[in-house]
Amino acid sequence: MAEAQQLFKKHGNYNKGEEPWKKYGRVNDWNIDLVPKLLMSNGELTNILVSTDVTRYLEFKQIAGSYVQQGSGARATVAKVPSDAGEALRSPLMGLFEKRRAKKFLEWVGAFKEDDPASYGGGIQRLPRMA
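Here is a short report on the structure shown in this document. Along each chain, numbering runs from 1 in the same order as the chain's sequence is written. Totals for whole chains, interfaces and linings use every residue, but because this is a predicted model, local features are given only for residues with pLDDT of at least 70 and side-chain atom pairs only at 80 or more, for both listing and counting. Computation of side-chain values covers all heavy atoms of the structure but excludes hydrogens and water.

## Comments concerning the environment of Glu107
In step 1: With respect to the secondary-structure elements, Glu107 resides in helix α4 (residues 96-111).
In step 2: Given a relative accessible area of 40%, Glu107 falls into the partly exposed group.
In step 3: Sequence separation between Glu107 and Ala85 is 22 residues, and the spatial gap between their C-alpha atoms is 6.7 Å. Counting from the N terminus, the helices are DSSP H or I runs at least four residues long and the strands are E runs at least two residues long. Between buried and exposed lies partly exposed: a residue is buried under 20% and exposed over 50% of the maximum accessible area for its type, with that area taken using a 1.4 Å probe on protein chains only.

The structure is reproduced here in structure tokens:
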């Protein structure tokens, strides 16, 4: 039984004999997203959400890391997305040269200070503001 058919039979409001799931086409043509959403922020938006008491509806948790799946079927593997230089070097997601670039980038991000142009290191340039 297709997932859409299961959802309609469990939660749907339709007349007996109808098959509303068929009008949506093949099951693989669309997706119902049941994954919790992440708000990766530690700024003004988070402060506003907390101050408006959305914690009655939302739950804020610190995440340990992000993971990705490589491949499919029996050969599928799950790997942690690197978040520091050490993890970048141990990650199976990148080749040797990519690991070196990722390590340098993460170190640059860690040392970056917006109010100190010396920390830019050629990574970004300040552009004049448009009037």
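## Observations concerning the packing of aromatic side chains
In step 1: Between the rings of Phe, Tyr and Trp (Trp by its six-membered ring), a pair exists once the centres lie within 6.5 Å; its type follows the angle of the planes, with under 30 degrees stacked, over 60 edge-to-face, and the other angles tilted. Tallied over the entire structure, the rule returns two aromatic pairs.
In step 2: Both rings, one in Trp108 and one in Phe112, keep their centres 5.3 Å apart while their planes meet at 50°; by these two values the pair is tilted.
In step 3: A relative accessible area of 27% places Phe112 in the partly exposed class.
In step 4: An aromatic cluster is present here, built from Phe105, Trp108 and Phe112 joined pairwise through their rings.

## Considerations on the pattern of salt bridges
In step 1: A pair is scored as a salt bridge if a Lys or Arg side-chain nitrogen falls within 4 Å of a carboxyl oxygen belonging to Asp or Glu. By the definition in use, this model includes one salt bridge.
In step 2: The shortest N-O distance in the salt bridge between Lys80 and Glu87 comes to 3.1 Å.

## Notes on the pairing of strand β2 (residues 77-80)
In step 1: Where strand β1 (residues 67-70) meets β2, four bridges bridge the pair, whose relative direction is antiparallel. Along β2, the bridge assignment pairs Gln70 with Thr77.
In step 2: The criterion for strand pairing is that DSSP finds at least two bridges linking the strands in question. What sits between β1 and β2 in their antiparallel hairpin is a turn of six residues, with Gly71 showing a positive phi close to 80°.

## Focus: the side chain of Ser91
In step 1: Looking at the secondary structure, you find Ser91 in the loop between α3 (85-90) and α4.
In step 2: Nitrogen and oxygen atoms within 3.5 Å of one another constitute a polar contact, given that in protein one can donate a hydrogen and the other can accept it, and given that sequence-neighbouring residues count only through two side-chain atoms. Of note is the side chain of Ser91, whose polar atom sits 3.0 Å from the backbone nitrogen of Leu93.
In step 3: Pairs of residues are marked as contacts when any of their non-hydrogen atoms sit within 4.5 Å. Those residues within four positions of Ser91 in sequence are excluded, and the remaining contacts are Lys80, Pro82 and Lys99.

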